[in-house]
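# Fold and contact review
Read off the chains here:
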Amino acid sequence: MLLNQDWMVLLQENQVGKVVETNRATAQYGLALTEEEAKLIVRERTDTLREQKRVEFGDSVTPRIIYEFCDSDFIDQNNYVETIVRLQEIFYLYKNEMLDEISDDELLHLMKEQFEELCFGDLDYLEGTCLNNFAQAVRAGYSGYKAADGRGEASAFDEVKRWDYDLYLEALRDLCWK
């Protein structure tokens, strides 16, 4: 049993090290993780994997989440750790919801695009609406995302009518002329 525990500790430490290494790339965006924050993120990842009944072989997806999202206008040092933890949870949830039909890269690109363009940083909207709609389509057989590696799909299943610039100007004119 001691050998298994030592192996698990080494694996956790390796994952923490890889998360801390992301600081080299994220520093240019004003983002950095302490070792304690990296440990928290890795612990939360382990809990999420257990909750979602998933096993991850090889490298963790966590550094890839960090690299994908570090340039977001909606992430800053104040919400960085919480956002990464939540993005991990959403990622593993939707790997399950999409029945593993979508690759990690496709899901990451899709999540980032929706996070930026439709959700404007709202993680609840990303999880509860945008990805849910997309997951339903994937389960129903949709595979159009594969040709572009998950890119360009943000609005494919968007149910919310976005504002129109001309309509906005018309409403503004109406307000100003009254």
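Residues numbered from 1 in each chain as written. Predicted model: local features only at pLDDT ≥ 70, side-chain atom pairs only at ≥ 80, totals over all residues. Heavy atoms only, no water.

## Focus: helix α7 (residues 123–139)
- Along its length, α7 reaches its greatest deviation from straightness, about 40 degrees, at Leu131.
- Within α7, burial applies to Leu123, Tyr125, Leu126, Cys130, Leu131, Asn133, Phe134, Ala135, Ala137 and Val138.
- Contact partners of the buried residues in α7: α5 (80–97) and α6 (104–117).
- Measuring from the backbone nitrogen of Asp124 back to the side-chain oxygen at the start of α7 gives 3.0 Å, which picks out Asp122 as the cap.
- Backbone geometry just downstream of α7 places Gly141 in the positive-phi region, at approximately 115 degrees. (Bend = angle between axes of the 7 residues up to and from the residue. Helix = DSSP H or I, 4+ residues; strand = E, 2+ residues; numbered from the N terminus. Buried < 20%, exposed > 50% of the residue type's maximum accessible area, 1.4 Å probe, protein only. Contact = heavy atoms within 4.5 Å. Polar contact = N/O pair within 3.5 Å; in protein donor to acceptor, adjacent residues only side chain to side chain.)

## Quick look at the pattern of salt bridges
- The tally for this structure, following the rule as stated, stands at 15 salt bridges.
- Its salt-bridge partner being Arg64, residue Asp105 comes within 2.8 Å of it at the nearest N-O pair. In this pair, Asp105 sits in helix α6 while Arg64 sits in helix α4 (residues 62–69), placing the two residues 41 residues apart along the sequence.
- On the accessibility criterion, Asp105 (35% relative accessible area) is partly exposed. (Salt bridge = Lys/Arg side-chain N within 4 Å of Asp/Glu carboxyl O.)

## Overview of the environment of Val16
- Considering the arrangement of structural elements, one finds Val16 in helix α1 (residues 2–21).
- C-alpha of Val16 to C-alpha of Ala38: the two residues are 22 residues apart in sequence and 5.5 Å apart in space.

## Comments concerning the packing of helix α3 (residues 35–51) against α5
- Their axes nearest at 10 Å, the elements α3 and α5 cross at an angle of 20 degrees. Regarding the angle of α3 to α5, the classification is roughly parallel. Of the two elements, α3 crosses α5, and the hand of that crossing is right-handed. Residue-level contacts link Glu37, Leu40, Ile41, Glu44, Arg45, Thr48 and Leu49 of α3 to Val81, Ile84, Val85, Gln88, Glu89 and Tyr92 of α5. (Axes fitted to C-alpha atoms, helices over the stretch in contact; angles between N-to-C directions. Parallel < 35°, antiparallel > 145°, perpendicular 65-115°, else oblique. Left-handed = near helix turned anticlockwise from the far one by under 90°.)

## Concerning the side chain of Lys95
- Tracing the backbone shows Lys95 in helix α5.
- Ignoring anything within four residues of it in the chain, the contact list for Lys95 reads Arg54, Asp100, Ile102, Ser103, Asp104 and Leu107.

## Some thoughts on the state of the cysteines
- Applying the stated criterion across every chain yields a total of zero disulfides.
- For Cys119, which is in no disulfide, the shortest distance to another cysteine sulfur is to Cys130 and amounts to 3.4 Å.
- Overall, Cys119 belongs to the buried group, its relative accessible area being 5%. (Disulfide = S-S within 2.5 Å.)

## Concerning unusual backbone geometry
- Located in the positive-phi region is Leu99, a residue other than glycine, with phi close to 55 degrees.
- Even without being glycine, Phe120 reaches a positive phi, approximately 50 degrees.
- Following the sequence through the fold, Phe120 ends up in the loop between α6 and α7.
- In this structure Phe120 comes out as exposed when scored by relative accessible area, which is 51%.

## Some details on the packing of aromatic side chains
- Summed over the entire model, instances satisfying the criterion amount to seven aromatic pairs.
- Centroid distance Phe134 to Tyr145: 5.8 Å. Interplanar angle 65 degrees. Geometry classified as edge-to-face. Of this pair, Phe134 sits in helix α7 while Tyr145 sits in the loop between α7 and α8 (165–176), placing them 11 residues apart in sequence.
- Tyr145 gets classed as buried once you look at its relative accessible area, which sits at 1%.
- Taken together, Phe69, Phe74, Phe115 and Phe120 form an aromatic cluster joined through their ring pairs. (Phe/Tyr/Trp six-rings, centres within 6.5 Å; stacked < 30°, edge-to-face > 60°.)

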